Amino acid sequence: MKYTIQSPADLGLLLRAARKSAKVRLDDLSRTVEVSKQTTVNAEKGKSVQLSTILRLLNEVGLTLTVDLPDSALPALNKALLEAKERTSSTVNASGSTTPIAHRLLAKDDDRA
């Protein structure tokens, strides 16, 4: 079921519900994601937590975060993806490969072509 998120508190409630329905203890989730228990508590209460941490917590309990991008923003997105593709082709990380986000964005871009 899809829910519209309008505040950090909304997201926190969904995180907590998913964790509890999976019968995952708060400290176990925190340990798995490698954050403090207090950080997980803060996320579930809708308090300020880094977005990267929120995304890791959501992923661990099986939730995904999606954005409803208006069609009017597609030209700007395509331009940004093209620029990222150009940067990615000239910039690689220490292991000689592109970053995971670049792969996902570029794959989505290729799917639209």
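Residues numbered from 1 in each chain as written. Predicted model: local features only at pLDDT ≥ 70, side-chain atom pairs only at ≥ 80, totals over all residues. Heavy atoms only, no water.

Participant: What is the right way to read the overall build of the protein chain from this model?
Facilitator: Across its full length, the protein chain carries six helices and zero strands. Helices (α) and strands (β) of the protein chain occur, in sequence order from the N terminus, as α-α-α-α-α-α. For the protein chain, the residues scored as buried account for 25% of the 113 residues in total. Considering only contacts within the protein chain whose residues lie at least 6 apart along the sequence, 48% involve residues at least 24 apart. Here the protein chain has roughly 8400 Å² of accessible surface; of this, 55% comes from carbon and sulfur atoms. (Helix = DSSP H or I, 4+ residues; strand = E, 2+ residues; numbered from the N terminus. Buried < 20%, exposed > 50% of the residue type's maximum accessible area, 1.4 Å probe, protein only. Contact = heavy atoms within 4.5 Å. Areas by Shrake-Rupley, 256 points an atom, 1.4 Å probe, with all protein chains shown as cover.)

Participant: I keep staring at the environment of Glu-60 and nothing clicks. Help me out?
Facilitator: Inspection of the secondary structure puts Glu-60 in helix α4 (residues 51-60). Remark: the alpha-carbon pair of Glu-60 and Ser-30, spanning 30 residues in sequence, is separated by 9.9 Å. With near-sequence residues (within four places) excluded, Glu-60 lies in contact with Leu-29, Thr-32 and Val-33.

Participant: Can you help me understand the confidence of the model for the protein chain in this one?
Facilitator: Close inspection of predicted coordinates is inappropriate in any region flagged by low pLDDT. Here the protein chain averages 86 in pLDDT, and 79% of its residues register 70 or above. Averaged pLDDT values over the elements of the protein chain bottom out at 59 in helix α6 (residues 100-112) and peak at 97 in helix α3 (residues 37-44). (pLDDT = per-residue confidence, 0-100.)

Participant: Looking at this structure, I do not really get α4. What am I missing?
Facilitator: One turn of the α-helix equals 3.6 residues, which is why residues spaced by three or four share an orientation. Burial in α4 covers these residues: Thr-53, Ile-54, Leu-57 and Leu-58. Take α4 and look down its axis: the buried residues cluster within an arc of 135°, on one side only. Those residues of α4 that are buried are in contact with α1 (8-21), α2 (26-33) and α3. Just beyond α4, the residue with positive phi is Gly-62, at close to 85°. (Arc of directions from axis to C-beta.)

Participant: Looking at this structure, I do not really get the side chain of Arg-19. What am I missing?
Facilitator: With respect to the secondary-structure elements, Arg-19 resides in helix α1. Judged by its relative accessible area of 7%, Arg-19 is buried. Setting aside its immediate chain neighbours within four residues, Arg-19 contacts Val-24, Arg-25, Leu-26, Leu-29, Glu-44 and Val-61.

Participant: Mind showing me how you'd approach the nonpolar core here?
Facilitator: Note that soluble globular proteins tend to have their nonpolar side chains buried in a common cluster. Listed in full, the 12 residues of the largest apolar core are Leu-11, Leu-15, Ala-18, Leu-29, Val-33, Val-35, Ala-43, Val-49, Ile-54, Leu-57, Leu-58 and Val-61. Secondary-structure elements contributing two or more residues to this core are α1, α2 and α4. Not counting chain neighbours up to four residues away, the residues in contact with Ala-18 comprise Val-61 and Leu-63. (Core = buried A, V, L, I, M, F, W, Y, C linked by side-chain atoms within 4.5 Å.)

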